[in-house]
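The primary structure of each chain is shown beneath.
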Amino acid sequence: DTGVSQDPRHKITKRGQNVTFRCDPISEHNRLYWYRQTLGQGPEFLTYFQNEAQLEKSRLLSDRFSAERPKGSFSTLEIQRTEQGDSAMYLCASSLALREKLFFGSGTQLSVL
Amino acid sequence: AQSVTQLGSHVSVSEGALVLLRCNYSSSVPPYLFWYVQYPNQGLQLLLKYTSAATLVKGINGFEAEFKKSETSFHLTKPSAHMSDAAEYFCAVSDPDADTGRRALTFGSGTRLQVQP
């Protein structure tokens, strides 16, 4: 169990730029989740994959956001035309089964200037 | 729709004192309930999980939580606080949401626990 890894740890970008984050889940986990966390708040659900299929998307996920999980392994989350309101910690988690323990990565902290 | 309310964004206790962190949930069906802890600069870690097998759930680091259906509560307790318990604690609920079909966890806004020497 090498844990969930996220890259990069920090990203600073200018408004209007595109950014992409990567998440590598625990290898045998077929479920992968993206959450967003702002200061003083709990994680907010963004989207969820089972293997390569994206099964759920939150209403928070505008059309500027896209997530992929090719081949059911790592996942990427892209934000196009970033806005200052996108500044947050983006968390990735994986699990073996529905309603089972989530293993979280340390997150990618995005700052949009 | 499922939701979680954590009463008290900050709780401060003395080392050795009882820790009580409050969580109330709303769910249309019997839920699964979780407590996660987040230490500074670290990812969230599962403390404990309720899945209807027993109303009193024991977790790691001496924490436990009791599911009370009549009160729709799942409060987290620890008899004696330790300095290392200082962290952010999140309650979370999971149920098949009839409105959104969501099956991922819904988190509360968190409670920051401070432990005074």
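Refer to the structure presented above.
Below, the structure is looked at part by part. Treat the numbers as computed from the prediction; the structure is a model and nothing was measured. (Residues numbered from 1 in each chain as written. Chains lettered and ligands numbered in written order. Predicted model: local features only at pLDDT ≥ 70, side-chain atom pairs only at ≥ 80, totals over all residues. Heavy atoms only, no water.)

1. A word on the sheet that holds strand β1 (residues 5-7) of chain A
Residues and elements named next belong to chain A. Note the cut-off: Strands are treated as partners if at least two bridges between them are detected by DSSP. A run of H or I in DSSP counts as a helix once it spans at least four residues, and a run of E counts as a strand once it spans at least two, with each numbered from the N terminus. To get an axis, fit a line to the C-alpha atoms, keeping to the stretch in contact for a helix; angles then go from 0 to 180 degrees between the N-to-C directions.
As summarised here, the arrangement of the four strands in space is β1-β3-β8-β7, forming an open sheet in which the pairing is antiparallel. Edge strands, defined here as strands with exactly one partner in the open sheet, are β1 and β7 (65-68). Here the strands of the sheet are splayed against their neighbours by 15° on average, with no regard to which way each runs. Here strand β3 (residues 19-24) runs beside strand β8 (residues 75-79); their pairing, made up of five bridges, is antiparallel. Paired with phenylalanine 21 across the two strands is leucine 77, which belongs to β8.

2. Describing the environment of Leu102(A)
Here is the rule we go by: The contact criterion used throughout is that any non-hydrogen atoms of two residues lie within 4.5 Å.
Secondary-structure assignment places Leu102(A) in the loop between β9 (88-95) and β10 (103-104). Here the alpha-carbon distance between Leu102(A) and His29(A), two residues 73 residues apart in the chain, equals 9.9 Å. When residues no more than four places from it in sequence are discounted, the contact partners of Leu102(A) are Tyr33(A), Tyr35(A), Ala93(A), Ser94(A), Ser95(A), Tyr36(B) and Leu105(B).

3. Here we look at the pattern of salt bridges
All names here are of chain A. In plain terms, the rule: Any Lys or Arg side-chain nitrogen located within 4 Å of an Asp or Glu carboxyl oxygen qualifies as a salt bridge. The cut-offs for exposure are 20% and 50% of the maximum accessible area for each residue type, with area from a 1.4 Å probe on protein chains only; residues under the lower value are buried, those over the upper are exposed, and the others partly exposed.
The tally for this structure, following the rule as stated, stands at seven salt bridges over all chains. Glutamate 44 is the partner of arginine 36 in a salt bridge, and the nearest nitrogen-oxygen pair spans 4.0 Å. Judged by its relative accessible area of 12%, arginine 36 falls in the buried class. Arginine 64 is paired through a salt bridge with aspartate 86; the nearest N and O atoms lie 2.8 Å apart. Taken together, the positions of arginine 64 in the loop between β6 (53-57) and β7 and aspartate 86 in the loop between β8 and β9 put the pair 22 residues apart, joining distant regions of the chain.

4. Examining the pairing of strand β9 (residues 73-78) of chain B
Residue and element names in this part refer to chain B. Along β9, five of the six residues are buried, which leaves the element largely enclosed by surrounding structure. Inspection of the sheet shows strand β3 (residues 19-21) paired to β9 by three bridges, in the antiparallel sense. Residue pairing in the sheet places leucine 20 in a bridge with threonine 77 of β9. Here strand β8 (residues 64-68) pairs with β9 via five bridges, running antiparallel. Residue pairing across strands places alanine 65 opposite leucine 76, the latter belonging to β9. Hairpin connection from β8 to β9: four residues lie between these consecutive antiparallel strands, with threonine 72 at a positive phi of about 45°.

5. Focus on the state of the cysteines
Residue and element names in this part refer to chain A. Put simply, the test is: Two cysteine sulfurs form what is called a disulfide whenever their separation falls within 2.5 Å.
Taken as a whole and judged by the stated rule, the model has two disulfides over all chains. The side chain of cysteine 23 participates in a disulfide bridge whose partner is cysteine 92; the two sulfur atoms lie 1.9 Å from each other. Linking cysteine 23 and cysteine 92, the disulfide has an S-S dihedral of approximately -70° and is accordingly described as left-handed. With cysteine 23 in strand β3 and cysteine 92 in strand β9, this pair connects stretches of sequence that are 69 residues apart. The exposure classification of cysteine 23 matches that of cysteine 92, with both residues buried.

6. Remarks on the nonpolar core
Applied cut-off: To form a nonpolar core, buried Ala, Val, Leu, Ile, Met, Phe, Trp, Tyr and Cys residues must be joined to one another through side-chain atoms within 4.5 Å.
In terms of nonpolar packing, the biggest core is built from 27 residues, with Trp35(B), Leu47(B), Leu48(B), Phe74(B), Leu76(B) and Tyr89(B) touching the most fellow members. At the level of elements, β2 (10-14), β3, β5 (32-38), β6 (45-50), β8, β9, β10 (87-94) and β12 (111-116) of chain B are the ones that each hand at least two residues to this core. By size, the runner-up hydrophobic cluster in this structure holds 19 residues, among which are Val19(A), Leu77(A), Tyr90(A) and Leu110(A).

7. Concerning the environment of Glu83(A)
Residues and elements named next belong to chain A. As a reminder, the rule being used: Any pair of nitrogen or oxygen atoms within 3.5 Å is treated as a polar contact; in protein, a donor-acceptor pairing is required on top of that, and neighbouring residues in sequence qualify only through side-chain atoms on both sides.
Along the chain, glutamate 83 falls in the loop between β8 and β9. Here the alpha-carbon distance between glutamate 83 and asparagine 18, two residues 65 residues apart in the chain, equals 9.8 Å. If we skip the residues at most four places from it in the chain, glutamate 83 touches Arg15, Arg64 and Val112. Within polar-contact distance, the side chain of glutamate 83 engages the side chain of arginine 64 at 3.4 Å.

8. Quick notes on the interface of chain A and chain B
Short version of the rule: Once two parts are put together, the accessible area they lose, assessed with a 1.4 Å probe and summed over both, is termed the buried area.
Across the boundary between the two partners, chain A contributes 21 residues, which contact 23 residues of chain B. Interface of chain A and chain B: buried area, both sides summed, is about 1800 Å²; carbon and sulfur atoms make up 54% of it. Joining chain A to chain B, the criterion identifies zero salt bridges. Put simply, chain A and chain B have three residue pairs in polar contact (both at pLDDT 80 or more) between them. By residue number, the principal contributor to the side of chain A that touches chain B is strand β4 (residues 31-37) of chain A, which donates three residues.

Any link to function would need more than the numbers given here.
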